[in-house]
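Single-letter residue listing:
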Amino acid sequence: PRTVRLASGFDMPLVGLGTWKSKDGVVGDAVKAAIRCGYRHIDCAHCYDNEAEIGAALKELFDSGEIRRDELFVVSKLWNTKHEQRDVERALRHTLAQLQLEYLDLYLVHWPMAFARTEGVAENFPRRADGSGPMWDFEAPRADGSPGDVPLEETWRGMEAAVRAGLTRSIGASNFNQAQLAAIDYVQVSTKGGIPIAVNQVESHPLLPQTSLLDFCRARKIVVTAYSPLGSPDNVRARTDSDPSLLGDAGIAAIGASYGKSAAQVLVRFHTQRGVVAIPKSKTPAYMAANLDTFDLELSEAHMAELEAMGAAKPFRYGPNGGAKGHPRFPWPEYFDSPEEAAARAAREAARETAGEMAREA
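Residues numbered from 1 in each chain as written. Predicted model: local features only at pLDDT ≥ 70, side-chain atom pairs only at ≥ 80, totals over all residues. Heavy atoms only, no water.

A. Layout of the packing of aromatic side chains. In the structure shown here, the tally under the stated rule is nine aromatic pairs. Ring centres of Trp-79 and Phe-115 lie 5.7 Å apart, and the angle between their planes is 85°; on these two criteria the pair is classed as edge-to-face. Of the two residues, Trp-79 is situated in the loop between strand S5 (73-78) and helix H3 (85-99) and Phe-115 in the loop between strand S6 (104-109) and helix H4 (152-164); the sequence distance between them amounts to 36 residues. Take Trp-79 and Phe-115: they sit in the same class, and that class is buried. Considering the side-chain rings of Phe-330 and Trp-332, the 6.1 Å spacing of their centres and the 65° angle between planes classify their relative orientation as edge-to-face. For the residue pair Phe-330 and Trp-332, the accessibility class agrees, reading buried in each case. Taken together, the aromatic side chains of Trp-111, Phe-330, Trp-332, Tyr-335 and Phe-336 make up a single cluster linked through ring pairs. Taking the ring centre of Tyr-335 as reference, the NZ or CZ of Arg-317 above it sits at 5.4 Å. (Phe/Tyr/Trp six-rings, centres within 6.5 Å; stacked < 30°, edge-to-face > 60°. Helix = DSSP H or I, 4+ residues; strand = E, 2+ residues; numbered from the N terminus. Buried < 20%, exposed > 50% of the residue type's maximum accessible area, 1.4 Å probe, protein only. Lys NZ or Arg CZ within 6 Å of the ring centre and 35° of its normal.)

What follows is the structure in C-alpha cells.
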C-alpha cells in the first residue's frame with residue numbers, strides 16, 4: 001500500500017515531502033516539483049517560516065488545474081507559543097491563511113512543552129528580560145493571573161475544537177514520548193466525543209528506530225511519521241564531522257546494491273515497510289522521484305533486522321534539541337544527560353521503584 005489509514009478514517013500517503021529548513025525562494029519550487037513527480041503529501045509547520053511561499057505554490061497548481069485540493073494531504077503544526085486552548089484555533093487559521101487553504105488534513109502539536117505565550121505570530125522564541133531564551137510557559141503568569149503552565153490536556157481540547165470547526169480533518173502530536181501520548185489518550189477516551197491522536201511525528205532512522213515507541217503507537221492505532229528519515233544530511237547547523245552518515249554508510253549502500261536501489265531508497269523503504277510514514281526533504285526532482293520510487297522494494301527480514309539493529313544499543317539523534325531539556329515536559333531528557341545527570345536520574349528512578357515496591361508490600 002502507498003497510504004495508511006488513520007484513526008480518523010482518512011488515508012495518509014506513506015511518503016511525503018518534508019519542508020523543514022527549506023529556504024524562501026526554494027521551497028515553493030520544491031513543492032511544485034514534488035507534486036509534479038507524484039507526491040501527494042506535504043509536511044509543513046508554522047515555525048519553518050515558509051508556509052506563505054508553500055501556499056503560493058499550491059495556489060498556482062490549483063489555479064492551473066494540475067492538482068485538486070482533495071488530491072493532496074497537507075500537514076502543519078501548532079507552535080509552542082500557542083498552547084493555550086484559546087490560541088489554537090487562531091494559530092490554525094493563520095496557518096490556513098498562509099497556505100491559502102480552507103482546511104488541513106492533519107494538524108499536530110509540534111512539541112509537548114510550551115513557551116511563554118506571545119500575542120502575535122512572528123515571535124516564535126520569546127526571550128527573558130536578560131535576552132536568554134526561550135522563555136518557558138511556567139515562568140510567567142497568564143493574562144488572568146493564573147499559573148502560566150499549560151497542561152497538554154488543555155492544548156488537546158483546543159485541537160479537538162479545531163476538528164469540530166472543520167479547520168482540520170485529523171489531529172496528532174509531534175515529538176511526544178509514550179507517557180505524553182498516554183496522557184492525551186486518557187483525556188480523549190474518558191471524554192464523550194473525544195478525538196483520538198491520529199499521528200505522532202518523531203525523528204527516526206536506523207540509528208534511532210524508535211521500536212518501543214512504534215509498538216506503543218501501533219497498539220493504540222497511532223500512526224508514526226519519521227522526520228529526518230535520511231539522517232538529516234543537510235542540517236549543517238547541528239551536524240559535526242564526527243556524526244555518522246546514513247547516506248554514506250557502507251552497510252546500507254550494500255543492502256541497496258543488492259536490490260538495485262540507492263541508500264536513500266533503502267532508508268525510505270525501511271520506514272514504509274514498517275507502516276511508518278517517511279517525509280524526506282529534497283529540492284532536486286530526481287531525488288524526489290527516487291524517494292517515491294520505493295514501493296516495489298521489499299527488504300528481506302534479515303535486512304530489516306540489520307537496519308533496526310544499527311541504533312538498538314546506542315541510539316543517535318541528529319536533532320539539536322538538548323537546549324530544551326530545562327522544560328519538565330521535554331520528551332527525552334535522558335538522551336542529552338551528562339554522565340553526572342544520567343547517574344542522578346538512575347538514582348531517582350531506582351528510589352521511585354523502591355518506594356513503589358514498599359507501597360505494594362504494605
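That covers the picture; the talk isn't over yet.
B. The nonpolar core, seen in detail. Of all hydrophobic cores here, the largest spans 85 residues; its most connected members are Met-12, Val-31 and Tyr-107. Each residue touching Tyr-107, except ones within four places of it in the same chain, is listed here: Ser-76, Lys-77, Leu-78, Val-88, Ala-91, Leu-92, Met-159, Thr-168, Ser-170, Ile-171 and Gly-172. Within the second largest apolar cluster, 11 residues are counted, among which are Trp-111, Met-113, Ala-324 and Trp-332. (Core = buried A, V, L, I, M, F, W, Y, C linked by side-chain atoms within 4.5 Å. Contact = heavy atoms within 4.5 Å.)

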